[in-house]
Amino acid sequence: RDNRLSEATERVPLAILTRGPNLLAGTDFETLAAQLVALEREAGVPLLLVGFDTLSRSMPGGDENNAQDMTKAVQAADYLRDQFGCATAFVHHTGKDPEKCARGHSALFAAADLVIRVMDGQATVEKTRDGVAGEAFPFVLEPVEVGVDADGDPVMTCLLNAGIGTTRDLLR
């Protein structure tokens, strides 16, 4: 299919830490920074992005509605951005009404350079410092098998097919 990155000739290093730090605890954060230095050395390339999935899991015991806790999480992301010259991103959820802003204190939204809402097969730019807010990008997630596990069960992931409106369009 034409939607693949067939031009890519090099492997892109990706590391996933399954136990994230508590961004509100200095010792956890220092440990994360040390792990990132080691990963950068091992990969032999600079760190480009540190993502936290989800913000809530990255501040256990913290209160998303508390300005002090949310500001500490933002400061941790800012530290990583400055230390490694990389982008940082939080996966965060909307409140009960998805048409309103994200749940929790407004300090997160205020500090963000870019906010993208992903819902119903569309990514919409909610806020951007250097672009056009309101742009929408439809997509479909295409399940693909990438291998099998030790039990012979398929290991699956999804490929993002941009510009396709529905799964039906994908299958044409």
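Treat the numbers as computed from the prediction; the structure is a model and nothing was measured.

Conventions used here
- Residues numbered from 1 in each chain as written.
- Predicted model: local features only at pLDDT ≥ 70, side-chain atom pairs only at ≥ 80, totals over all residues.
- Heavy atoms only, no water.
- Helix = DSSP H or I, 4+ residues; strand = E, 2+ residues; numbered from the N terminus.
- Expected span 1.5 Å × (residues − 1).
- Buried < 20%, exposed > 50% of the residue type's maximum accessible area, 1.4 Å probe, protein only.
- Arc of directions from axis to C-beta.
- Contact = heavy atoms within 4.5 Å.
- Core = buried A, V, L, I, M, F, W, Y, C linked by side-chain atoms within 4.5 Å.

1. A few points about helix α1 (residues 26–43)
Here's step 1: Given a rise of 1.5 Å per residue, 18 residues ought to cover 26 Å, and the 26 Å separating the end C-alpha atoms of α1 matches this to within 8%.
Here's step 2: Within α1, burial applies to F29, L32, A33 and L36. On an axial view of α1, the arc spanned by its buried residues comes to 100 degrees, and they lie on one face. Opposite the packed face of α1, turned more than 90 degrees from it, sit the exposed residues T27, E30, R41 and E42.
Here's step 3: Against β1 (49–53) and α2 (67–84) lie the buried residues of α1.
Here's step 4: Among the residues trailing α1, G44 stands out with phi positive, at a value near 75 degrees.

2. Here's the deal with the nonpolar core
Here's step 1: Counting 18 residues, the largest nonpolar core has L36, V50 and L80 as the members making the most contacts within it.
Here's step 2: Every element with two or more residues in this core is listed here: α1, β1, α2 and α3 (107–111).
Here's step 3: The greatest single-element share of this core, amounting to six residues, is contributed by α2.
Here's step 4: If sequence neighbours within four positions are ignored, V50 has contacts with L36, L80, C86, A87, T88 and A89.

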